[in-house]
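Topology and contacts: notes
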Amino acid sequence: MGENAISGNLKNLTIDTRDSETLVVCFGEMLIDFVPTVGGVSLAEAPAFKKAPGGAPANVAVGVSRLGGSSAFIGKVGDDEFGRMLADILRLNNVDNSGMRFDHNARTALAFVTLRGDGEREFLFFRHPSADMLLLESELDKNLIQKAKIFHYGSISLIEEPCRSTQLAAMKIAKSAGSLLSYDPNLRLPLWPSEEAARKEIMSIWNLADVIKISEDEITFLTGGDDPYDDDVVLQKLFHPNLKLLVVSEGPNGCRYYTKEFKGRVAGVKVKPVDTTGAGDAFVSGLLNSLASDITILKDEKKLREALLFANACGAITVTERGAIPAMPSMDAVQDLLTSSRS
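The structure reproduced in this document is the subject of the present report. The structure presented is a predicted model; accordingly, all values stated were derived computationally and were not measured. (Residues numbered from 1 in each chain as written. Predicted model: local features only at pLDDT ≥ 70, side-chain atom pairs only at ≥ 80, totals over all residues. Heavy atoms only, no water.)

1. Points about the environment of His 128
- Structurally, His 128 is set in the loop between strand 7 (121-126) and helix 4 (142-146).
- A sequence separation of 63 residues divides His 128 from Leu 191, and the C-alpha atoms of the two residues are 11 Å apart. (Helix = DSSP H or I, 4+ residues; strand = E, 2+ residues; numbered from the N terminus.)

Here it is as structure tokens:
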């Protein structure tokens, strides 16, 4: 057998094993976002709305797949037109949706989202209750969770039972199977009964995560108003003994990183922003895709900085297009941006 044939066979082999060995399983909500057809208006002023798939965990799953990685989504939607549409969107984006469940009584969640003229996002949620809040522990695909190299989740599923207990059970299954636990709280205060409840629940699972990504606003909220740029605040109040990596996203300015061994900052990649929706999720998908391929990144600062620059570029590309899932970048697009930003 010639050398090319051998290398070709090996290449195919790595692709086959890669799917099972680098699987990123994302748990949580998937919903329909209704976005105004014009920018800079309040929800009341919007002349019309365009529907778009939403939900941070689902965005991350698509982001990983778009980069050529292997991903799956676990969550519940309504047994309705919107729910089936969302399942199809995941399938069309090569995300394993076998862990999705369909509720015959509750509807798929809806969210009206707008970026007002003053730059603030305004949310109006329809979840009374919605299907994503009703996922039961008995409906979990345990085999799928156990295959996860990385198990990723947020905090929105902690707001109500039964989904809260289901998320805790899923995290326990993943941890027992040796998965890396990844947490992006993705604070959405309008969904919580109170600020105190949000803070308490978000922090209740803090010490279980191996990797946490937070924003500057979330640091201020979780610490009760402390300076998000103060390393001592982050290390003393938010870093815990089991944590392998804490990342603070700073939007266009890039990110900061903290591990037991090192800390630093990686600059953002400059682009012209159009819509920031999904930028944080694209960042997370870029980071998790790198970690799933090479977990030793967590111990090697040079490799970690490269992975975070890559994640910054993923977020940057996403803000140049409207919507979250449609704007998630391909590997080629990220490499092209990094190449052009270096020249």
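2. Observations concerning helix 8 (residues 231-238)
- All of the buried residues along helix 8 are Val 233, Val 234 and Leu 238. Projection of helix 8 onto a plane perpendicular to its axis shows the buried side chains occupying an angular sector of 95°, all on one side.
- As for helix 8, its buried residues are in contact with helix 6 (195-204), strand 10 (211-215), helix 7 (216-222), strand 11 (245-249) and strand 12 (255-258).
- At the N-terminal boundary of helix 8, the capping side chain belongs to Asp 230, with an oxygen 2.8 Å from the backbone nitrogen of Asp 232. (Buried < 20%, exposed > 50% of the residue type's maximum accessible area, 1.4 Å probe, protein only. Arc of directions from axis to C-beta. Contact = heavy atoms within 4.5 Å. Polar contact = N/O pair within 3.5 Å; in protein donor to acceptor, adjacent residues only side chain to side chain.)

3. Brief notes about the sheet that holds strand 7
- Taking strand neighbours across the sheet as the criterion, the four strands line up as 3-2-6-7 in an open arrangement whose pairing is mixed. Of all strands in the sheet, those bounded by a partner on one side alone are strand 3 (49-54) and strand 7. Direction aside, the axes of adjacent strands within the sheet are offset by 25° on average.
- When strand 2 (residues 31-36) meets strand 6 (residues 110-115), the two strands line up parallel, connected through three bridges. Of the residues in strand 6, the one forming a bridge with Ile 32 is Leu 110. (Pairing = 2+ DSSP bridges. Axes fitted to C-alpha atoms, helices over the stretch in contact; angles between N-to-C directions.)

4. With respect to the packing of aromatic side chains
- For the structure shown, the criterion picks out 10 aromatic pairs.
- Judged by centre distance (6.1 Å) and plane angle (70°), the rings of Phe 34 and Phe 82 are edge-to-face. A residue pair is termed long-range when its members are at least 10 positions apart, and Phe 34 in strand 2 and Phe 82 in helix 3 (residues 81-92) qualify at 48 residues.
- For the pair Phe 112 and Phe 126, a centre-to-centre distance of 5.7 Å together with 65° between the ring planes defines the contact as edge-to-face. Residue Phe 112 is located in strand 6, and its partner Phe 126 is located in strand 7; the two are separated by 14 residues in the primary sequence.
- For Phe 126, a relative accessible area of 40% gives the class partly exposed.
- Here the aromatic cluster, defined as three or more aromatic residues joined through ring pairs, consists of Phe 27, Phe 151, Tyr 153, Tyr 183 and Trp 206.
- Over the face of the ring belonging to Phe 221 we find Arg 199, whose NZ or CZ atom lies 4.4 Å from the ring centre. (Phe/Tyr/Trp six-rings, centres within 6.5 Å; stacked < 30°, edge-to-face > 60°. Lys NZ or Arg CZ within 6 Å of the ring centre and 35° of its normal.)

5. Looking at the packing of helix 10 (residues 301-318) against helix 11 (residues 331-342)
- Interhelical geometry of helix 10 versus helix 11 gives an angle of 105° and a closest axis separation of 9 Å. One way to sum up the angle between helix 10 and helix 11 is to call them roughly perpendicular. For the pair formed by helix 10 and helix 11, the contact residues are Leu 309, Phe 310, Ala 313, Cys 314, Ala 316 and Ile 317 on the first element and Met 331, Ala 333, Val 334, Gln 335, Leu 337, Leu 338 and Arg 342 on the second.
- The class makeup of the residues in the contact of helix 10 with helix 11 is 11 nonpolar, one polar and one charged. (Parallel < 35°, antiparallel > 145°, perpendicular 65-115°, else oblique. Nonpolar A, V, L, I, M, F, W, Y, C, P; charged D, E, K, R; others polar.)

On their own, these measurements won't tell you what the molecule is for.
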